[in-house]
Amino acid sequence: MPVNETLSNYSDMAYATSVVIYIAAMLLYFGEFAYGRVATAARTREAALVGAEKSSEAKDVVGHVPAQPKRPLAERLGGMAVSMTVLGALVHFGSLLTRGLATGRVPWGNMYEFGSAICLAAVVAWLIVLFRQLRNARREATPAQLRGLGGFLMLPVTLLLFLSGTVLYAEAAPLQPALQSYWIVIHVAAAIVSSGALLFAGVASVLYLLRCRYENNPLKMAKFGSRLPTSQALDRMAYRATVIIFPVWTFAIVAGAIWAEAAWGRFWGWDPKETCAFIAWIVYAAYLHARATAGWRGVRSAWINVLGLAVMIFNLFFVNLVVTGLHSYAGL
Amino acid sequence: MRDHLTTALAFLRNTWRGLTSMRTALVLLFLLAMAALPGALIPQRSLNRSEVDKYFQQHPDIAPLLDKIGMFEVFSSVWFASIYVLLFISLIGCLLPRCWEYYKQWRSKPVRTPRNLGRLPHHAEKTLDDTSVDEAIAAAKTRLRGWRMVEHTEADGARSISAERGFLREVGNLVFHFALVGLLIGLAGGKLYGYEGQVIVVADGSEFCNSGTYNYDSFRAGLSVDGTQLSPFCVKVDDFDVDYQPNGQVANYRVGMQYQSGEGLETNTWQPYTLQVNHPLRTAGDRIYLTGNGYAPRFTVTWPDGQQRTSLVQWQPMSPQTMLSQGATKFDQPGVTDEVQRRQSQLAITGLFAPTAAFDGKILSSGFPDLLDPTAAIDVMRGDLGLDSGRGQSIFGVDQSMVEQGRLNRVARENVRVGEEIRLDDGTTVRFDGVERWANLQVSHDPFQTSVLAFAVLIIFGLGTSLIVKRRRIWVRAAPHPETGESPAARTVVEVGGLARTDQAGYGEEFARIADDLLGADVDHSPQPRADAGTARERKS
Ligand code: HEM
């Protein structure tokens, strides 16, 4: 099937646009993070914990209180950051959609498209967490604190998108024979969703480690640490994201094995990508076990989660680009 | 003596306990991940032998050392095996007592209502007017349908319910871990009883039968496979189609073939099949894959005495993009019985083959992978091919030591297109007749594959269940209001307390809903502002 050049050009334009929007969103998040008044944030958090005051305070925290005299600048920045993120995600989705339409196949047939889709998954995971937390009766962080995470998630996302769009960019083209299978929809989609969610979890764990340093000694990183959500909230976000996605990740690997049985003649052969997927799986399994083992909760298990993210990123870049294996067709 | 025995027993017991503790399992998990890492970083013999050879050339100092400790065969090394064997012993040691414990828990009743529900992580309380203790308890029982429940009546006239839910979590957990063990057994079975062979079949109606390992170009047998009992079937490769995109990328491979197995073998009937990437042929318990392809040029040699020989031998693609190939087609002069004379008159046609000729000066290269302008750049060598030397030699080249010793000499070098001919000094002619495609077929057999798949599915479901289901408890106590005496209607103090038994955030929402239903919407059921409402399980471990 021939590639539709017009659509593919639209896709590239949407891609570039979404990167610009994301960068703007990131700067806005960081703006709120840098100029937000810690005192307000701290006060609202206390309020959230002390039940009696909670309901009254909580309402104006949600943000759509009508005639509040003047919303502080920082909070307005945060609100804009979220809107920009939503807009960016829509444009980004449009970019993937048009590429899929241009080529008449799933838009994740090479590393450029795959990297792009992972980033979209991470952004969507972030938006889901954000909106769920805001609706949650038992809120663990103020919206301002929560949005503090946004910039730190957008940072790796924009970096990854930038890399994908420049170094890894590939022209829209049909799939090669090895990839012509419905398993590309199943296996790769599961890999994308899990990679995106695990990216979010990893960022939450990194921030958890930083926040812990601050909580253990409030003099350390006083400005930075105090603006983050509590360590407990960060830990829980990381854990929940990992717990939800771990079965999906397992499924992605099993689906890969089923596909490999049809494509490569064996379901498992310790190909570099398979080995790395296995290692990442073990590390995340260790993370879940560590969370249930006395003496390993908290900082130690957060480090394991960060290690898991490192293995995932290694798997994405190093194994695709440096090592030659059966997955290399997916390369550039 | 007795002392020694007790010490030894104590040692054994402690070792066992240590091995089966969660912490050990964690450490072993990490070790396993670390041990697998070199498998991704260092080339592995089982995957890519030539990469290993290259590594030896590039790092002559450390490669032999790495080889000694098994770094090129990580996944069949002793240390890798010992880690996972220990891990699985630890796993089984963990699992068996847990099954028993789970069984006991399942048989036992939910624990009694704690005296002070206010100290639980989740708590709500309200005084309900116009409700008697019995009514409150009955309402709670209806609301908690589906929970395991027991009722207690307390000394001061209060009644309480303790309820528990989420036993599936532990079931899922056990299923997951047992399935891991099952998966490992399935893998081991495959290693014992599986086999895998590679064979090149030229797409001109050539046949291949799975009747013995000698029919294969290479064969990897499982530990209990001796090659005498391969699944019987035959295949015949009729044609091979490749569709190319304009840029030379392959759009599609299609192998037109026929096969016979089972009854078909007895009646000698052939079934047609189109073999494609991602669509292996499954028959007789084996799978047949298309794993590679290339070209086989056909040459005819005519000796001065009029004798003729034609040969069709696969050449090896050097680049998948252009399919420029190299190879050697070897001939013995027919009718020569004298050994010495024979070793002076053997011929080899070696060189390059391009499906679409493109010249780089005089050097042949290929411009496109399809057969648009097939051309061969060949050296004709005459002399001793060294075929009787007892040394194995590549089918894609000549023995260079024969060339170096001057026993094999070049007698012509030319570029030939299909139909063209070279005349040698002694009058022998070499004609390039045409080209066929060949397919590399892989035959695989693994009788344990389905059970591995079944265990993998169990692993996913077990994981899902054990991570999503929450073990949680709820207690409801209804007591008559102390000041109930003056009012005509009954007033009842209803208290609800909740505890998540497992490390799982999110119980709060469910608790809130139940509390709302039992007490009315306007109660306060916030979690206790405790640093980290530790769960029962944590405190125990
Ligand atoms: C046991 C077998 C397999 C395993 C464990 C496996 C594992 C993975 C993993 C972990 C990813 C995510 C990559 C990353 O994060 O960098 C991935 C992506 C992918 N896999 Fe597989 N896979 C297997 C089999 C297959 C097969 C048989 C095919 C196709 C013939 C395939 C095609 C792909 C593609 C196209 C991607 C997208 C990645 C990219 O474009 O770089 N996989 N696989």
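Reading the values: rules and limits
- Residues numbered from 1 in each chain as written.
- Chains lettered and ligands numbered in written order.
- Predicted model: local features only at pLDDT ≥ 70, side-chain atom pairs only at ≥ 80, totals over all residues.
- Heavy atoms only, no water.
- UniProt positions renumbered as here; feature names shortened; annotations may be inferred.
- Helix = DSSP H or I, 4+ residues; strand = E, 2+ residues; numbered from the N terminus.
- Disulfide = S-S within 2.5 Å.
- Pairing = 2+ DSSP bridges.
- Axes fitted to C-alpha atoms, helices over the stretch in contact; angles between N-to-C directions.
- Contact = heavy atoms within 4.5 Å.
- Core = buried A, V, L, I, M, F, W, Y, C linked by side-chain atoms within 4.5 Å.
- Buried < 20%, exposed > 50% of the residue type's maximum accessible area, 1.4 Å probe, protein only.
- Salt bridge = Lys/Arg side-chain N within 4 Å of Asp/Glu carboxyl O.
- Polar contact = N/O pair within 3.5 Å; in protein donor to acceptor, adjacent residues only side chain to side chain.
- Buried area = accessible area lost by both parts, 1.4 Å probe.
- Left-handed = near helix turned anticlockwise from the far one by under 90°.
- Nonpolar A, V, L, I, M, F, W, Y, C, P; charged D, E, K, R; others polar.

- By the naming in an unreviewed UniProt entry, chain B is Cytochrome c biogenesis protein ResB, taken from Saccharopolyspora endophytica.
- As stated in UniProt under Subcellular location (unreviewed entry), the record for chain B gives "Membrane".

- In the annotation of an unreviewed UniProt entry, the entry for chain A reads C-type cytochrome biogenesis protein CcsB, and the organism field reads Saccharopolyspora terrae.
- Listed under Subcellular location (unreviewed entry) in UniProt, the entry text for chain A is "Membrane".

Observations concerning unusual backbone geometry
Then comes step 1: With a phi close to 55 degrees, A:Trp270 is a non-glycine residue in the positive phi region.
Then comes step 2: On the secondary structure map, A:Trp270 appears in the loop between α9 (231-263) and α10 (272-291).
Then comes step 3: The phi dihedral of B:Ala284 falls on the positive side, at around 55 degrees, and the residue is not glycine.
Then comes step 4: Examined against the element boundaries, B:Ala284 turns out to sit in the loop between β10 (281-283) and β11 (286-302).

Here we look at the state of the cysteines
Then comes step 1: The final tally for this structure, using the stated rule, is 1 disulfide over all chains.
Then comes step 2: Shown here is the disulfide that connects B:Cys209 with B:Cys234, its sulfur atoms set 1.9 Å apart. Judged by the sign of its S-S torsion, about 110 degrees, the cystine formed by B:Cys209 and B:Cys234 is right-handed. Residue B:Cys209 is located in strand β5 (residues 206-209), and its partner B:Cys234 is located in strand β7 (residues 233-244); the two are separated by 25 residues in the primary sequence.
Then comes step 3: Here A:Cys119 is not disulfide-linked; the sulfur of A:Cys276 is the nearest cysteine sulfur, at 19 Å.

A closer look at the sheet that holds strand β22 (residues 472-480) of chain B
Pairing between the strands of a sheet comes from backbone hydrogen bonds, and it takes one of two forms, parallel or antiparallel.
Residue and element names in this part refer to chain B.
Then comes step 1: As summarised here, the arrangement of the 5 strands in space is β1-β23-β22-β3-β2, forming an open sheet in which the pairing is antiparallel. The outermost strands of the open sheet, each flanked by one partner alone, are β1 (122-129) and β2 (148-153). Recorded for the sheet is a direction-independent mean angle of 15 degrees between the axes of neighbouring strands.
Then comes step 2: Across 6 bridges, the pairing between β2 and strand β3 (residues 159-165) is antiparallel. Looking at the pairing, Met149 lines up with Ala163 of β3.
Then comes step 3: Of the strands in this sheet, β2, β3, β22 and β23 (491-500) touch helix α6 (residues 133-143), which is tilted by about 10 degrees from β3.

Re the nonpolar core
Then comes step 1: Counting 131 residues, the largest nonpolar core has A:Val157, A:Phe200, A:Phe246 and A:Trp249 as the members making the most contacts within it.
Then comes step 2: The residues contacting A:Phe246, other than those within four sequence positions of it, are A:Trp281, A:Tyr284, A:Ala285, A:Leu288, B:Leu463 and B:Leu467.
Then comes step 3: With 48 residues, the next largest nonpolar core counts B:Ala203, B:Met323, B:Ile422 and B:Val435 among its residues.

A look at the pattern of salt bridges
All names here are of chain A.
Then comes step 1: Under the counting rule described, the total for this entry stands at 37 salt bridges over all chains.
Then comes step 2: Arg266 serves as the salt-bridge partner of Glu274, at 3.0 Å between the closest nitrogen and oxygen.
Then comes step 3: The exposure class assigned to Glu274 is buried, which follows from its relative accessible area of 7%.
Then comes step 4: Residue Arg266 is classed as buried on the basis of its relative accessible area of 15%.

Observations regarding the side chain of B:Ser162
Residue and element names in this part refer to chain B.
Then comes step 1: Inspection of the secondary structure puts Ser162 in strand β3.
Then comes step 2: Among the polar contacts made by the side chain of Ser162, one reaches the main-chain carbonyl oxygen of Val111 at a distance of 2.8 Å.
Then comes step 3: Of note is the side chain of Ser162, whose polar atom sits 3.2 Å from the side chain of His152.
Then comes step 4: Residue contacts for Ser162: discarding those within four places in its chain leaves Pro110, Val111, Arg112, Thr113, Arg148, Met149, Val150, His152, Ile474 and Trp475.

Some details on the interface of chain B and chain A
Then comes step 1: The interface of chain B with chain A comprises 61 residues on the first partner and 59 residues on the second.
Then comes step 2: Between chain B and chain A, a total of about 4900 Å² is buried, with carbon and sulfur atoms accounting for 65% of that surface.
Then comes step 3: In this structure, the connection of chain B to chain A is made through 2 salt bridges.
Then comes step 4: Here A:Glu261 and B:Arg287 are joined by a salt bridge, their closest N and O atoms 2.9 Å apart.
Then comes step 5: Counting across the chain B and chain A interface gives 11 residue pairs in polar contact (both at pLDDT 80 or more).
Then comes step 6: Those elements giving two or more residues to the side of chain B that touches chain A turn out to be α2 (22-41), α7 (168-193), β8 (250-261), β11, β21 (429-445), α11 (449-468), α12 (507-519) and α13 (536-540) of chain B.

Concerning the packing of α6(B) against α12(B)
Two packed helices can be described by the angle between their axes and the distance between those axes.
All names here are of chain B.
Then comes step 1: Across the interface, α6 lies against α12 with an axial gap of 10 Å and an inter-helix angle of 145 degrees. Classified by chirality, the crossing of α12 by α6 is right-handed. In this structure, α6 contributes Ala139, Ala140 and Arg143 to the contact, and α12 contributes Arg513, Ile514, Asp517 and Leu518.
Then comes step 2: For the contact of α6 with α12, the residue count by class is 4 nonpolar, no polar and 3 charged.

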